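# Observations on the three-dimensional arrangement
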Amino acid sequence: QVQLVESGGGLVQPGGSLRLSCAASGSIFSPNNMGWYRQAPGKQRELVAAISSGGSTNYADSIKGRFTISRDNAKNTVYLQMNSLKPEDTAVYYCKFWKGYYEYWGQGTQVTVSS
């Protein structure tokens, strides 16, 4: 079992920055993957960024160049640095851990980009 605790969501103005954190605990065995998904009202949940325990990354085209995913394996924590935020980035952001056939989700944190 893996538990995920997220933090860092909130309200930010367009063009601003926000940093999300997700701390994992439990059966954190390598190799594994962690990532961030988001879901806006009336929209399908989509992958934002993912990173493997080895450091390989994958980004959605909509956020390339603005967001950066990273992880600290010693702390079992993944981060999402969000810069140049746009109103269309407004969504609930979910942390995800997966390994093989197993996957676990965080509770979600609201990110609102508004003037």
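What comes next is a walk through the structure. (Residues numbered from 1 in each chain as written. Predicted model: local features only at pLDDT ≥ 70, side-chain atom pairs only at ≥ 80, totals over all residues. Heavy atoms only, no water.)

### Topic: the overall build of the protein
Defined as follows: Strands here mean DSSP runs of E at least two residues long; helices mean DSSP runs of H or I at least four residues long; both are numbered from the N terminus. For this measure, only C-alpha atoms enter the radius of gyration; the expected value for a globule follows 2.2 Å times N^0.38, where N is the number of residues. Buried residues are those whose accessible area, probed at 1.4 Å on protein chains only, stays under 20% of the maximum for their type, while exposed residues exceed 50% and partly exposed ones sit between those limits. Contacts are assigned to residue pairs that have any heavy atoms within 4.5 Å of one another. With residues, only the protein chains shown are counted as cover, and all accessible areas are computed by Shrake-Rupley using a 1.4 Å probe. Neither His nor the chain ends contribute to the count of charged residues, in which Lys and Arg are positive and Asp and Glu negative. To locate a charge, take atom NZ for lysine, CZ for arginine, CG for aspartate or CD for glutamate.
Within the protein, the regular secondary structure consists of zero helices and 11 strands. When the elements of the protein are put in sequence order from the N terminus, they spell out β-β-β-β-β-β-β-β-β-β-β. In terms of overall size, the protein behaves like a compact globule, its C-alpha atoms giving a radius of gyration of 13 Å where 115 residues would be expected to give roughly 13 Å. Considered along the principal axes of its C-alpha atoms, the protein spans approximately 40 × 25 × 20 Å. Looking at the protein as a whole, 42% of its 115 residues are labelled buried. In the protein, once contacts between residues fewer than 6 apart in sequence are set aside, the share between residues at least 24 apart is 52%. When the accessible surface of the protein is split by element, carbon and sulfur atoms take 48% of a total near 6,100 Å². Looking at the protein, you have 11 positive and 7 negative side-chain charges, and the mean spots of the two groups are 3 Å apart.

### Remarks on the nonpolar core
To keep it simple, the criterion reads: To define a nonpolar core, start from buried Ala, Val, Leu, Ile, Met, Phe, Trp, Tyr and Cys residues and group those joined through side-chain atoms within 4.5 Å.
Membership of the largest hydrophobic core comes to 28 residues, with the highest contact counts inside it found for Leu4, Trp36, Leu80, Met82 and Tyr93. Among the secondary structure elements, those contributing two or more residues to this core are strand 1 (2–7), strand 3 (18–26), strand 4 (33–39), strand 5 (46–52), strand 7 (67–72), strand 8 (77–82), strand 9 (91–99) and strand 11 (109–113). If near-sequence neighbours (up to four positions away) are discounted, Tyr93 is found in contact with Glu6, Leu20, Trp36, Tyr37, Arg38, Val48, Phe67, Leu80, Met82, Gly108, Thr109 and Val111.

### A closer look at the state of the cysteines
Think of a disulfide as a covalent bridge from one cysteine sulfur atom to another cysteine sulfur atom. Formally: Disulfides are defined as pairs of cysteine sulfur atoms found within 2.5 Å of each other.
Summed over the entire model, instances satisfying the criterion amount to one disulfide. Paired through a disulfide, Cys22 and Cys95 show a sulfur-sulfur distance of 2.1 Å. Judged by the sign of its S-S torsion, about -85 degrees, the bond between Cys22 and Cys95 is left-handed. Linking Cys22 in strand 3 with Cys95 in strand 9, this pair joins segments that are 73 residues apart in sequence. Cys95 matches Cys22 in its accessibility class, with the two residues each being buried.

Everything listed is a geometric property; what it means functionally is a separate question.
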